[in-house]
Amino acid sequence: MEEYKDIDNLKKSTMFHMSLGSKELFHSNFLHWISIVNWKAFLKIMHKLAGLDEGERFWWENRKCSVIGYSEEYCPDNNNVKVFREHRNFDLSIYILDTETKKVETKNSNNDKTADDNTTVNTYDSQGKRIVQKWIPVLVLENKMKSLPYKAQLEEYTQKAFEEWRKGEMLIKSEINKLKSDSDEVKTVSKKWIHDYGITFVLLSLMETKIGNGDYCDDYEIDQELSYKKKGEKKMKFPFIWKHTTYSHLAKILEEIVIDNSFSFNNELDQHVVEDYQKFVEALCNLAEKWNVTSCMKYRSQIFPWNVNTPDAEAKRKEIGEYKELRIHDIHEKLLYNQLLQLLEKELNQEKLLFKRYNTKPFKEEINNKNCRIFTNSNYAHGVGIVEAFYVINEKFKLFIQVQGDRYCHMVIYKHGIVSEGKDSEGKKTLSVNMDVVSEECKNCLNPISETLGRYISIDNSKPNFPWGQPSWGRYGNDNIYQYVEIPEKATIEDVIKAIVCDIKNIMNWC
C-alpha cells in the first residue's frame, strides 16, 4: 500500500530523523543551507515558490547595488544580500543592502549598537566615523508545517516587513505626491511599485489552507498604507500579496533541481542531502493528504477514535499508532484541530458573531476597549489537540467552551478564585461557586449570571444545559472550574461545531 511505502520512506530517511528536533525551523534551516551551498538553486526555488513565470526574476536581481564598494549585482558573494532565519520572527527572509551612511562617533561611544531593527553597524573608517548600513526586506517566507495561517498573523508580518521596506531609499515619494490618493492612477502606480521595488511574500504550508470564510484560498492580499507629509498629508495603499504554496510543490521543485545538471552541487554529499530531503517531504505530504477534515465526518472516527468500536475508528487508531512511532503525531494532531478551528470560525461568521483569533499581544487592549468579547484559539496539551471559544466578561472573568479529544467542556476561569471550600453537616468537604464574586463581576450584564451560571457549570445539584447527557465536573485549583460530557460516536464534526456556537450565543444572551 502507498501509505506504508510513505511511512517506510520516512523511517529510512536520515533527513527526516534529523528534522524531528525542530519540525518547523528545520525546514527554514534547510532552505537557508541551500542559499549557502548553491545560490543559483536557492533562487530557482524561491522563483518557483513565489509563482514567477519561467525566466522571470525578482526585481532586485535585475539591478546593481547603488552603495559604493558593493556596486555589483545582488549576491551573497558581493556582501549586499543576506538570507536570515528567524529574523524579526520571519521564518526565512532575504534582505538587500539599501544605503550606507557614516556617523561621527568614536569606537568607545555608547551608541556602538544598532540604531534600530533595520540598521546594522559594520565597522569604523580611518577617521573614527561609524559606518551604518541599512538593509531592507525583499522576500519573507512564512513556514507552516504544524499549523494553518490566519489573516491577522499575516497582517502583522506584512506590517512589520513593510515598516522596514518603506524606509529604503528606493521609494520615489515625489512621484506619489503628484497623485490624488483616491485615484485609479494611484492603484496602478502602487501595484507597479510592488512589482518593481516591493516585498515578495511566500506562505509555505504542509496542507492547503482556509481563511476567514472557510473557503480554500490560494493567495492572500494584505493592504498596507503609506502615509507621509509633503505639501499636506498623502496616503497610498500598497496591495501586498502572500503567495500560498505547499510542501508538495517544494518537493516537486527540488526533484526538478536534482535532475537538472545546470544546478549541480559542489559535492556529492550535498546532492544526496537534497535528494533525501525531497523524498521525505514528498512522503510526508502524501500522508497529510488524508488529514483533511470536513463537517460531515464523524467526529470520533476522524479526530479521537479511541474507545470507539467501528471499523473506520480501528483503522484510524492503527494509522495514528504509526504517526506516534514516527514522532509526527503532534503535526497530525495540531493540523486536525487547526482545521476544526477554521470550521468554527466559518460558523461564527455565518451567524454574524464578532470574534477574533486569540493573540496574547493585543488581547488586553481588545477587552479593555470592549472591541470584542468572543475569542477563538487552538492549542495542544498532553498529546491531544484543543479547539476553544471563550467569552470575556472582563480581564479576570472568562467563560470557555473547549473541545479536547472526546471531551466537550464548559469552563469558568476567575483569576482571584471562584471556588469556595466548606463542609456539610457530616463534616465532608464541599465545593461551591462563590456567587458573590460572580454577581460583583457581572453586575452590568442584562441577566444576572449568578442566576444562569448553574445552566453553564455543574456545582452541587445544578444541572447544565448540555447537548449530550449529564456531565461530570471538576476544578483546576480555585481559579478554574469545569465540566464535560463525552462526545458520542454518532456526533459529526458539524454537530460539535454547532454546539460550540449555540453555547456562545446562550452566553451572549445572559450577558
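Scroll up a little and you will see the structure.
Note that the structure is a prediction, hence the values are computed from the model and not measured.

## Here's the deal with the overall build of the protein
Argument step 1. Scanning the protein for helices and strands turns up 16 helices and 18 strands.
Argument step 2. Long-range pairs, those at least 24 residues apart, make up 64% of the contacts in the protein with a sequence separation of at least 6.
Argument step 3. As presented, the protein carries roughly 25300 Å² of accessible surface, and 45% of it is formed by carbon and sulfur atoms.

## Looking at the packing of aromatic side chains
Argument step 1. Tallying each qualifying case throughout the model produces 21 aromatic pairs.
Argument step 2. Geometrically, the ring pair formed by Y277 and F280 is edge-to-face, given 5.4 Å between the ring centres and 80° between the ring planes. With Y277 and F280 both in helix 9 (residues 268–288) and three residues apart, this pair spans about one turn of that helix.
Argument step 3. Given a relative accessible area of 2%, F280 falls into the buried group.
Argument step 4. Between K82 and the ring centre of W135, over which it is positioned, the NZ or CZ distance is 4.5 Å.
Argument step 5. Taking NZ or CZ as reference, R407 lies 3.9 Å from the ring centre of Y484, over its face.

## A word on the side chain of N38
Argument step 1. Examined against the element boundaries, N38 turns out to sit in the loop between helix 3 (25–37) and helix 4 (39–49).
Argument step 2. Of the polar contacts made by the side chain of N38, one reaches the backbone nitrogen of A41; its length is 2.9 Å.

## Some remarks on helix 9
Argument step 1. Spanning 21 residues, helix 9 covers 31 Å between terminal C-alpha atoms, matching the ideal 30 Å at 1.5 Å per step.
Argument step 2. Residue N267 occupies the N-cap position of helix 9, its side-chain oxygen lying 3.1 Å from the main-chain nitrogen of L269.

## Let's talk about the pairing of strand 4 (residues 129–144)
Argument step 1. With 15 of 16 residues buried, strand 4 lies mostly within the body of the structure.
Argument step 2. Bridge count between strand 4 and strand 5 (residues 200–205): six bridges; the pairing is parallel. Across the sheet, E142 pairs through a bridge with L203, a residue of strand 5.

## Some points on the environment of I222
Argument step 1. The topology assignment puts I222 in strand 8 (residues 219–229).
Argument step 2. Under the relative-accessibility criterion, I222 is labelled buried at 2%.
Argument step 3. Taking the C-alpha atoms as reference, I222 lies 6.2 Å from I241; in sequence the two are 19 residues apart.
Argument step 4. Not counting residues within four places of it along the chain, the set of residues in contact with I222 comprises K151, L154, E155, T158, F238, P239, F240 and W242.

What counts, and where the lines are drawn
- Residues numbered from 1 in each chain as written.
- Predicted model: local features only at pLDDT ≥ 70, side-chain atom pairs only at ≥ 80, totals over all residues.
- Heavy atoms only, no water.
- Helix = DSSP H or I, 4+ residues; strand = E, 2+ residues; numbered from the N terminus.
- Contact = heavy atoms within 4.5 Å.
- Areas by Shrake-Rupley, 256 points an atom, 1.4 Å probe, with all protein chains shown as cover.
- Phe/Tyr/Trp six-rings, centres within 6.5 Å; stacked < 30°, edge-to-face > 60°.
- Buried < 20%, exposed > 50% of the residue type's maximum accessible area, 1.4 Å probe, protein only.
- Lys NZ or Arg CZ within 6 Å of the ring centre and 35° of its normal.
- Polar contact = N/O pair within 3.5 Å; in protein donor to acceptor, adjacent residues only side chain to side chain.
- Expected span 1.5 Å × (residues − 1).
- Pairing = 2+ DSSP bridges.

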